[in-house]
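Okay, here's what each chain looks like letter by letter:
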Amino acid sequence: ATMFGPAGRWYVYLCYGMHWMLNVVTGPEGVPAAVLIRGAGELSGPGRLTRGLGIDRSLDGTLAGRRGAAWFELPEKPVAPRRILRTPRIGVGYAGEWAEKPLRFVLAHEPPIARTLK
């Protein structure tokens, strides 16, 4: 239900019965749209991220803003667009033609797990 709610809320669910996945809802109400947060700083991988930050289901549905329990902050220096790589998503073979679309974004200094598309 959270993913169908208003944008700007955290959507947290359990994957494989062992890893919490942190997403931020991005679409209008009624449209299931969210972005999976795959890492931050030294925490790479969505399961390691939530474990490292102590995130669990209690964050689900809360505001993704300073008035909430967790929020995004701008970096000290803006990221140069040339450092942002677009790669295919991971683990979505079931998505048909969308499985290879470059809808995963990583910073160039971090080794991407999937191949980079031009």
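In what follows, the structure referred to is the one given above.
Below or above, wherever it landed, is the structure these notes cover. Here the structure is a predicted model, which means the values were calculated and not measured.

Before going further, it helps to examine the overall build of the protein chain. When helices and strands are counted, the protein chain shows one helix and seven strands. Helices (α) and strands (β) of the protein chain occur, in sequence order from the N terminus, as β-β-β-β-β-α-β-β. Rg of the C-alpha trace for the protein chain: 15 Å, near the compact-globule value of 13 Å for 118 residues, within the 12% margin. If one aligns the C-alpha atoms of the protein chain with their principal axes, the spans along those axes are about 40 × 35 × 30 Å. The buried share among the 118 residues of the protein chain stands at 27%. Partitioning the contacts of the protein chain with sequence separation of at least 6, the portion at a separation of at least 24 is 39%. As presented, the protein chain carries roughly 8300 Å² of accessible surface, and 58% of it is formed by carbon and sulfur atoms. Within the protein chain, the 9 negative side-chain charges are centred at a point lying 5 Å from the centre of the 16 positive side-chain charges.

On to the nonpolar core, then. Judged by nonpolar contacts, Trp10, Val12, Leu22, Val24, Ile37, Leu49, Ile55, Leu59 and Ala64 together constitute the single largest core of nine residues. Put simply, the parts of the chain that give this core at least two residues each are β1 (10-15) and β2 (19-25). The residues touching Ala64, leaving out its near neighbours within four places in the chain, are Gly8, Arg9, Trp10, Val24, Ala70 and Trp71.

Our next topic: the sheet that holds β2. The strand order across the open sheet built from three strands is β1-β2-β3, with neighbouring strands paired in antiparallel fashion. Of all the strands in the sheet, just β1 and β3 (34-36) have a single pairing partner and so form its edges. Strand after strand, the sheet turns through a mean of 35° between neighbouring axes, direction not considered. In terms of strand pairing, β1 meets β2 through six bridges, oriented antiparallel.

To continue, consider the pattern of salt bridges. Taken as a whole, this structure holds two salt bridges when the rule is applied. For Arg57, the salt bridge goes to Asp60, with nearest N and O atoms at 3.7 Å. Two residues, Glu73 and Arg66, come together in a salt bridge whose shortest N-O distance is 3.1 Å. Judged by its relative accessible area of 52%, Glu73 is exposed.

This next bit is on the packing of aromatic side chains. In total, this model carries two aromatic pairs according to the counting rule given. Pairing Trp10 with Phe72 gives two aromatic rings, centres 5.3 Å apart and planes at 45°, and the pair type is tilted. Separated by 62 residues along the polypeptide, Trp10 in strand β1 and Phe72 in the loop between α1 (46-53) and β6 (84-87) bring together distant segments of the chain. Residue Phe72 is classed as partly exposed on the basis of its relative accessible area of 48%. Relative to Tyr13, the ring of Tyr11 lies with its centre 5.2 Å away and its plane at 35°, an arrangement referred to as tilted. Lying over the aromatic face of Trp98, Lys101 brings its terminal NZ or CZ to 5.3 Å of the ring centre.

All right, on to the side chain of Asp60 then. Among the secondary structure elements, Asp60 is positioned in the loop between α1 and β6. Overall, the relative accessible area of 18% leaves Asp60 in the buried class. A polar side-chain atom of Asp60 sits 2.9 Å from the main-chain amide nitrogen of Val12. In this structure, Asp60 is in contact with Thr2, Trp10, Tyr11 and Val12, ignoring residues within four places of it in sequence.

Calculation rules
Residues numbered from 1 in each chain as written. Predicted model: local features only at pLDDT ≥ 70, side-chain atom pairs only at ≥ 80, totals over all residues. Heavy atoms only, no water. Helix = DSSP H or I, 4+ residues; strand = E, 2+ residues; numbered from the N terminus. Rg over C-alpha atoms; globule rule 2.2 N^0.38 Å. Buried < 20%, exposed > 50% of the residue type's maximum accessible area, 1.4 Å probe, protein only. Contact = heavy atoms within 4.5 Å. Areas by Shrake-Rupley, 256 points an atom, 1.4 Å probe, with all protein chains shown as cover. Lys, Arg positive; Asp, Glu negative; His and termini not counted. Charge placed at Lys NZ, Arg CZ, Asp CG, Glu CD. Core = buried A, V, L, I, M, F, W, Y, C linked by side-chain atoms within 4.5 Å. Pairing = 2+ DSSP bridges. Axes fitted to C-alpha atoms, helices over the stretch in contact; angles between N-to-C directions. Salt bridge = Lys/Arg side-chain N within 4 Å of Asp/Glu carboxyl O. Phe/Tyr/Trp six-rings, centres within 6.5 Å; stacked < 30°, edge-to-face > 60°. Lys NZ or Arg CZ within 6 Å of the ring centre and 35° of its normal. Polar contact = N/O pair within 3.5 Å; in protein donor to acceptor, adjacent residues only side chain to side chain.

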